[in-house]
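Here are the chains, one letter per residue:
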Amino acid sequence: MKHSTQKSIQRLSIAILIIGGLTLAYTYVQMISQLWLNNFITPMTWNPDIKGWQTFILAARFVGITLLFVMCCIFLYRINQGLKDGELFPKSNISLIRWAALVAALLAFVHSNYDAVVKGESALMLDSNTILIPLIVLLFAGLYKMAYLAAKDSKLAI
């Protein structure tokens with residue numbers, strides 16, 4: 001692969017990590033302000049009847065967004081490492097994308113219930129994104145696997 005293409009992918013990876021890091025920091029600030037700074041954003045209203053549910057949704061959002069960012073970092077690291085080694089599509093990223101689909105399902109579920117939890121309402125919501133987003137991510141995992149197999153096949157043909 002050309003050196004200029006590798007540099008472009010490295011720069012794009014850095015930009016993705018910066019934007020992802022800023023999004024992660026914003027989410028942390030938003031959650032902290034909702035929990036402890038009542039005058040900053042819509043404050044958290046604790047409902048004693050659903051306190052366990054509220055805690056679960058808050059923890060799932062925190063862990064899910066962090067895990068998705070870490071998976072993105074691992075994915076980009078493997079891509080850049082693979083390019084240095086001459087491998088366009090590292091096989092280990094296939095399972096990583098599949099795990100990201102599971103995390104995306106959790107985050108879509110949390111996102112659909114987050115506003116109700118912050119307001120202290122006892123409501124369980126399930127929207128189409130909870131199913132659609134993980135299916136799209138799984139589609140990309142399948143496409144990535146096909147690209148890996150095609151790259152492997154073309155390497156064998158040479």
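Report on the accompanying structure. Source: prediction; values computed, not measured.

As for the overall build of the chain
Point 1. A tally of regular secondary structure across the chain gives four helices and zero strands.
Point 2. Moving toward the C terminus, one meets the helices and strands of the chain in the order α-α-α-α.
Point 3. Relative to a compact globule of 158 residues, whose C-alpha radius of gyration would be 15 Å, the chain shows 20 Å and is clearly more extended.
Point 4. Overall, the chain is about 65 × 25 × 20 Å in size when its C-alpha atoms are taken along their principal axes.
Point 5. The proportion of buried residues among the 158 residues of the chain is 31%.
Point 6. Per element, the accessible surface of the chain, about 10100 Å² overall, is 70% carbon and sulfur.
Point 7. In the chain, the 13 positive side-chain charges and the 7 negative ones have mean positions that sit 13 Å from each other.

Focus on the nonpolar core
Point 1. By size, the foremost hydrophobic cluster in this structure holds ten residues: Met 31, Met 44, Ile 57, Leu 58, Ala 60, Phe 109, Val 110, Tyr 114, Val 117 and Val 118.
Point 2. Elements represented by at least two residues in this core include exactly α2 (51–85) and α3 (92–119).
Point 3. The greatest single-element share of this core, amounting to five residues, is contributed by α3.
Point 4. Filtering out sequence-adjacent residues up to four positions away, Ala 60 remains in contact with Leu 106, Leu 107 and Val 110.
Point 5. Core analysis: the second largest hydrophobic core is formed by seven residues, Ile 79, Ala 141, Tyr 144 and Tyr 148 among them.

Overview of a nonpolar patch on the surface
Point 1. On the surface, a cluster of nonpolar side chains totalling about 600 Å² of accessible area is made up of Leu 132, Ile 136, Leu 139, Phe 140, Leu 143 and Met 146.
Point 2. With respect to the helices and strands, the residue Leu 139 is situated in helix α4 (residues 129–157).

Here's the deal with α3
Point 1. Here α3 is 28 residues long and its end C-alpha atoms lie 41 Å apart, about the 40 Å a rise of 1.5 Å per residue gives.
Point 2. Taken as a whole, α3 carries its principal kink of about 45° at Asn 113.
Point 3. Once α3 finishes, Gly 120 follows within two positions and takes phi at roughly 80°, a positive value.

Let's talk about helix α1 (residues 3–36)
Point 1. Between its terminal C-alpha atoms α1 stretches 49 Å, which fits the 50 Å expected from 34 residues at 1.5 Å a residue.
Point 2. Burial in α1 covers these residues: Gln 6, Ser 13, Leu 24, Thr 27, Gln 30, Met 31, Ser 33 and Gln 34.
Point 3. Tucked into the core, α1 has its buried residues touching α2 and α3.

Focus: the environment of Tyr 28
Point 1. By the element assignment, Tyr 28 lies in helix α1.
Point 2. The class of Tyr 28 is partly exposed, set by a relative accessible area of 23%.
Point 3. Distance in space between the C-alpha atoms of Tyr 28 and Asn 93 is 27 Å, their sequence separation being 65 residues.
Point 4. Residues within four places of Tyr 28 in sequence aside, it is in contact with Phe 62, Ile 65 and Thr 66.

As for a positive patch on the surface
Point 1. On the surface, Lys 91, Arg 98, Lys 145 and Lys 152 cluster together into a patch of positive charge.
Point 2. Relative to the helices and strands, Arg 98 resides in helix α3.
Point 3. Here Arg 98 falls in the partly exposed class, since its relative accessible area comes to 40%.

What counts, and at which threshold
- Residues numbered from 1 in each chain as written.
- Predicted model: local features only at pLDDT ≥ 70, side-chain atom pairs only at ≥ 80, totals over all residues.
- Heavy atoms only, no water.
- Helix = DSSP H or I, 4+ residues; strand = E, 2+ residues; numbered from the N terminus.
- Rg over C-alpha atoms; globule rule 2.2 N^0.38 Å.
- Buried < 20%, exposed > 50% of the residue type's maximum accessible area, 1.4 Å probe, protein only.
- Areas by Shrake-Rupley, 256 points an atom, 1.4 Å probe, with all protein chains shown as cover.
- Lys, Arg positive; Asp, Glu negative; His and termini not counted.
- Charge placed at Lys NZ, Arg CZ, Asp CG, Glu CD.
- Core = buried A, V, L, I, M, F, W, Y, C linked by side-chain atoms within 4.5 Å.
- Contact = heavy atoms within 4.5 Å.
- Patch = residues over 30% accessible without salt bridge, like charges linked within 9 Å, V, L, I, M, F, W, Y side chains within 5 Å.
- Salt bridge = Lys/Arg side-chain N within 4 Å of Asp/Glu carboxyl O.
- Expected span 1.5 Å × (residues − 1).
- Bend = angle between axes of the 7 residues up to and from the residue.

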